[in-house]
Amino acid sequence: MYSLAASGLMLALAGQALASTAALTIKGSKFFNADGSQFFIKGIAYQLTNNDPLADSTQCVLDINLMKTIGTNAIRVYHVDPTANHDTCMSALSDAGIYAFIDLDTFPTYIVATSPEWNQTQYSAYSKVMDAFHSYDNVAGFFVGNEVLNDGADSIAAPYVKAAARDMKAYGASKGYRKIPVGYSASDIPTLRPNLQNYLACGSNSSDAVDFFSLNAYEWCGQNTYQGSGYSALQANASEYDIPIFFSETGCNQPTPRDFGDQAAIFGSEMSGTWSGAIIYEWIQETNDYGLISYGPPAAATATGSGIVAGFTRQGTPTPIQPDWDNLSSQWAAASPSSTSEAAYSPSNSPPACPAYTSGLWLVSSDQALPTLGQGAEYSQPSHSSTSMASGSSSGSSSGTGSSSGTGSSTGSSTGSKSGSSSSASKTSSGSSSSSSNGAAAASSSGSSAANLGRRMPSALLNARDENWAVVGFGLVVCLVFGISML
Ligand SMILES: *[C@@H]1O[C@H](CO)[C@@H](O)[C@H](O)[C@H]1NC(C)=O
Ligand SMILES: *[C@@H]1O[C@H](CO)[C@@H](O)[C@H](O)[C@H]1NC(C)=O
Ligand SMILES: *[C@@H]1O[C@H](CO)[C@@H](O)[C@H](O)[C@H]1NC(C)=O
Ligand SMILES: CC(=O)N[C@H]1CO[C@H](CO)[C@@H](O)[C@@H]1O
């Protein structure tokens, strides 16, 4: 809960012209506007190249002017340069009524699941991003990681992610910064998601927990339904959640055209009492084919030229991709989530229980202390530590279906962030999960994977860890070639 006292002050000021993006607050599991009305995210993932898009004041203004026309009220930016000046872009966003969610990590500093660390180098880098952005009232939140964990074995990294959130929250407090929420953006892995979601929020001390949890979910493809997509299972695991939860990426791109039918569910009666909206992946059209706009027709993959990277022009006047753009606009225009006012809302949910150690699925004991900053090899699992990893997941995963959706419909395995984050070109990738009812479509959507230098790698056909690493290797080669061509 944030700044109840401040909200009273805000109300007192409401007669005056409040900026349209006065700071949001969190109370219980919901975001609230400064006037006490509930805030629901209608967001777009915004990253044009590896560079900080909020440092390009000419381009961001062109883009903001278009994105605001469909009711966009938030963006997510994956990589920022804390040394750059963001005043023009942040104020253009504010004037347009748009908040920003900023990832604190970047290519050299993200937490690596297979050899997790939370060290001084990372802490300093994340702190610099917080220093650079805290003063903008329209920063809605910070992420300490994107898709760090992708299967049960990766759960050993969860304490580091949670420690990062703890320390970044404490850092902001120590500097006297506005209390900007710090959260995590998770891959949608059915066997991992409920445990991770609960783990990051659990415990009696909220200073140790994330302030919000968010999910990159690609379960809803084409003409789907709340039940058939697997969203009902997401809802079942979130209904008692004590902190805000939202979709930090969504928008399956097969089949085309995209009609964003999931928005009606997210903002509808089944989910809007629990979920705080969604961020659509993504603004720019590039090889992964998730773009809402383009800056011109694709170029040759090897083309060089002003603003061209990996076969796509990444600057200029944005042109909507149709009918997707109009479809999203219609969905958002029709959204009428059931909401509550801050004053009328009395949160009743408590933090979830910390998940129990479960061989193959969740390798963190419920009572395990978080690592301290810089704690390395000496931080280890206090119990069970040697039993499960070596034996692989075969025995463990048979019980894993219990934690996936009841319908078994969400089967996606996201390889994207791991492969992506290994390279300089594709940190923000997230696999497109498939639901069984759309398996064929999802599989075909992964066909163009080899060419994806962008933020998304194929996943529908890849489940085994070894195969994931094959993709990583391939991605590295592609990105190396790409990197050389950039020189
Ligand atoms: C800190 O962690 C990052 C990410 O794992 C790693 O690249 C870096 O080498 C570590 N730095 C130190 C000083 O240990
Ligand atoms: C809560 O957690 C914070 C951060 O770890 C710590 O500084 C504080 O002492 C904790 N409070 C209690 C009551 O344990
Ligand atoms: C998540 O929801 C599923 C039903 O979809 C249920 O079987 C499972 O126990 C839930 N997990 C948690 C940790 O709440
Ligand atoms: C939800 C929505 O607006 N869907 C539309 C998406 O675009 C196609 C093609 O124009 C329309 O047929 C859909 O009705």
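All of these numbers come straight from a predicted model, not from anything done at the bench.

Visitor: What's the story with the overall build of the chain in this structure? I'm lost.
Guide: Within the chain, the secondary structure is distributed over 14 helices and 15 strands. Within the chain, contacts between residues separated by at least 24 positions form 78% of all contacts whose residues are at least 6 apart in sequence.

Visitor: What exactly am I supposed to notice about helix α10 (residues 324-334) here?
Guide: Residues that lie three or four places apart on an α-helix share one face, since the helix turns once every 3.6 residues. Residues of α10 that are buried: Asp-324, Trp-325, Leu-328, Gln-331 and Trp-332. Viewed along the axis of α10, the buried residues span an arc of 125 degrees, placing them on a single side of the element. Of the exposed residues in α10, the ones pointing more than 90 degrees away from its buried face are Ala-333 and Ala-334. Where α10 is buried, its residues touch β4 (41-45), α9 (262-266), β11 (275-280) and β15 (319-320).

Visitor: Looking at this structure, how should I read the site of ligand 4?
Guide: Taken together, the neighbourhood of ligand 4 is formed by Pro-257, Asp-259, Pro-323, Asn-327, Ser-330 and Gln-331. Of the residues belonging to the shell around ligand 4, the class tally is two nonpolar, three polar and one charged.

Visitor: So what exactly am I meant to see when it comes to the nonpolar core here?
Guide: Soluble globular proteins tend to bury their nonpolar side chains together. Ala-100, Ile-102, Val-144, Val-161, Ala-164 and Val-210 are the most contacted members of the largest nonpolar core, which has 109 residues in total. Looking at this core, the element that brings in the most residues is helix α5 (residues 158-174), giving seven residues. Other than its neighbours up to four places away in sequence, Val-144 contacts Leu-104, Asp-105, Tyr-126, Val-161, Ala-164, Ala-165, Met-168, Val-182 and Tyr-184.

Visitor: Can you walk me through the sheet that holds strand β5 (residues 74-77) in this structure?
Guide: The pairing of strands in a sheet happens through backbone hydrogen bonds and is either parallel or antiparallel. Spatially, β4-β5-β6-β7-β8-β9-β10-β11 is the arrangement adopted by the eight strands of the closed barrel, whose pairing is parallel. Averaged over neighbouring strand pairs, the angle between their axes works out to 25 degrees when direction is ignored. The pairing of β4 with β11 spans four bridges and is parallel. Considered in β11, the bridge of Gly-43 is made with Ile-279.

Visitor: Can you walk me through the packing of helix α4 (residues 120-133) against α5 in this structure?
Guide: A pair of packed helices can be characterised by two numbers: the angle between their axes and the separation between those axes. It is at 10 Å that the axes of α4 and α5 come closest, and there the two elements cross at 45 degrees. One way to sum up the angle between α4 and α5 is to call them oblique. Judged by the sense of rotation from one axis to the other, the crossing of α4 with α5 is right-handed. Along its contact with α4, which presents Tyr-123, Tyr-126, Ser-127 and Met-130, the element α5 presents Ala-164, Asp-167, Met-168, Tyr-171 and Gly-172. Across the contact of α4 with α5, the residue classes break down as six nonpolar, two polar and one charged.

Visitor: Can you help me understand unusual backbone geometry in this one?
Guide: Most peptide bonds are trans, and most residues other than glycine sit at a negative phi. Of the consecutive residues Thr-256 and Pro-257, the connecting peptide bond is found in the cis state with omega at -5 degrees. Position of Pro-257 among the secondary structure elements: in the loop between β10 (245-250) and α9. For the peptide bond that leads from Tyr-281 to Glu-282, omega is 0 degrees, which places it in the cis range. Position of Glu-282 relative to the elements: it lies in the loop between β11 and β12 (293-294). Look at Phe-260: it is not a glycine, yet its phi comes out positive at around 55 degrees. If you check the backbone angles, Asp-289 has positive phi at about 70 degrees while not being a glycine. Along the chain, Asp-289 turns up in the loop between β11 and β12. With 17 C-beta atoms packed within 10 Å, Asp-289 lands in the partly exposed category.

Visitor: Got a minute to help me understand helix α3 (residues 87-95) in this structure?
Guide: Every buried residue belonging to α3 is among Cys-89, Met-90 and Leu-93, and all of these are buried. Taken around the axis of α3, the buried residues stretch over an arc of 95 degrees, which confines them to a single face. At the C-terminal side of α3, Gly-97 shows a positive phi close to 75 degrees.

Visitor: Explain the pairing of β4 here, please?
Guide: It is a general feature of regular strands that their side chains alternate between the two faces of the sheet. Counting buried residues in β4 gives five out of five residues, a clear majority hidden from the surface. Where burial is concerned, the two faces of β4 agree: the one with Ile-41, Gly-43 and Ala-45 and the one with Lys-42 and Ile-44 are both buried. As paired strands, β4 and β5 are joined by three bridges and run parallel to one another. What sits directly across from Ile-44, in β5, is Ile-75. With helix α2 (residues 57-67) bridging β4 and the parallel β5, this β-α-β connection has right-handed handedness.

Visitor: I would appreciate a short explanation of the packing of α2 against α3 in the present structure.
Guide: Contact pair α2 / α3: the axes reach a minimum separation of 9 Å and the direction vectors enclose 10 degrees. As far as their axial angle goes, α3 and α2 are roughly parallel. Facing α2, whose interface residues are Ser-57, Cys-60, Val-61 and Ile-64, α3 presents Thr-88, Cys-89, Ala-92 and Leu-93. Grouping the amino acids of the contact of α2 with α3 by side-chain chemistry returns six nonpolar, two polar and no charged.

Visitor: Mind showing me how you'd approach the pairing of strand β6 (residues 99-103) here?
Guide: In terms of residue burial, β6 counts as a mostly covered element, since five of its five residues are buried. Across four bridges, β5 lies against β6 in parallel orientation. Bridge assignment links Val-77 to a residue of β6, and that residue is Ile-102. Remark: the β5/α3/β6 crossover connection has right-handed handedness. Bridge count between β6 and strand β7 (residues 139-146): four bridges; the pairing is parallel. Note that in β7 the partner of Phe-101 across the bridge is Gly-141.

Visitor: Hey, could you run me through the environment of Asn-33 in this one?
Guide: Within the secondary structure, Asn-33 sits in the loop between β2 (30-32) and β3 (38-39). Overall, the presence of 20 C-beta atoms within 10 Å leaves Asn-33 in the buried class. Considering only alpha carbons, one finds Asn-33 and Thr-21, 12 residues apart in sequence, at a separation of 8.1 Å. The contact partners of Asn-33, leaving out residues within four places of it in the chain, are Leu-24 and Phe-39.

Visitor: Could you clarify how one ought to interpret the sheet that holds β2 in this entry?
Guide: Here three strands make up an open sheet; going across it, the order is β1-β2-β3 and the pairing antiparallel. Edge positions in the sheet fall to β1 (25-27) and β3, since each of these pairs with one other strand and no more. Relative to β2, β1 runs antiparallel, the two sharing three bridges. The residue bridging Thr-25 from the neighbouring strand is Phe-32, located in β2.

Definitions and limits used
Residues numbered from 1 in each chain as written. Chains lettered and ligands numbered in written order. Predicted model: local features only at pLDDT ≥ 70, side-chain atom pairs only at ≥ 80, totals over all residues. Helix = DSSP H or I, 4+ residues; strand = E, 2+ residues; numbered from the N terminus. Contact = placed C-beta atoms within 7 Å. Buried ≥ 20, exposed ≤ 12 C-beta atoms within 10 Å, placed from the backbone. Arc of directions from axis to C-beta. Near = placed C-beta within 6 Å. Nonpolar A, V, L, I, M, F, W, Y, C, P; charged D, E, K, R; others polar. Core = buried A, V, L, I, M, F, W, Y, C linked by C-beta atoms within 7 Å. Pairing = 2+ DSSP bridges. Axes fitted to C-alpha atoms, helices over the stretch in contact; angles between N-to-C directions. Parallel < 35°, antiparallel > 145°, perpendicular 65-115°, else oblique. Left-handed = near helix turned anticlockwise from the far one by under 90°. Right-handed = clockwise from strand over helix to strand, strands pointing away.

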